[in-house]
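Okay, here's what each chain looks like letter by letter:
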Amino acid sequence: MLYTVHVRLREDSLVARMSEMRQWLDSQRYEPDLFQYRIKHDGPLLRVDFKFENEAFAFAEAFGGSVLRRGR
């Protein structure tokens, strides 16, 4: 099972915020399966997939995201 985190971002801080997230992931020694963003009509949406539920929830809490559970 994968645990997907969605985080809405602002376009004006996209690069800085993604860099902050990458540093946080590295400091926690978390290795997401997927780290991508898409520009949607209502702004950038970041998707990060984790194998472990605790990592997904920690990331979502740190960055104001929401967790979705997905089967493999």
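Residues numbered from 1 in each chain as written. Predicted model: local features only at pLDDT ≥ 70, side-chain atom pairs only at ≥ 80, totals over all residues. Heavy atoms only, no water.

## Remarks on unusual backbone geometry
Put simply, the rule is: Helical segments are the DSSP runs of H or I of at least four residues, strand segments are the runs of E of at least two, and each set is numbered from the N terminus.
Positioned with a positive phi, Arg29 is a non-glycine residue whose angle comes to about 60°. Relative to the helices and strands, Arg29 resides in the loop between helix 1 (14-28) and strand 2 (34-40).

## A word on the pairing of strand 2
Operational definition: Here, any two strands with at least 2 DSSP bridges between them count as paired.
In the sheet, strand 2 pairs with strand 3 (residues 43-50) via seven bridges, with the strands oriented antiparallel. Looking across to strand 3, one finds that Phe35 is bridged to Val48.

## A look at the side chain of Asp49
Quick reminder of the rule: Pairs of N or O atoms are called polar contacts if they sit within 3.5 Å, as long as, within protein, a hydrogen donor faces a hydrogen acceptor (for residues adjacent in sequence, only side-chain-to-side-chain pairs). Residues are treated as being in contact if the distance between any of their heavy atoms lies within 4.5 Å.
Looking at the secondary structure, you find Asp49 in strand 3. Here the side chain of Asp49 touches Thr4 through a polar contact of 2.6 Å, side chain to side chain. In terms of polar contacts, Asp49 uses its side chain to reach the side chain of Arg47, at 2.9 Å. Dropping the residues within four chain positions of it, Asp49 is found in contact with Leu2, Tyr3, Thr4, Pro32, Asp33 and Leu34.

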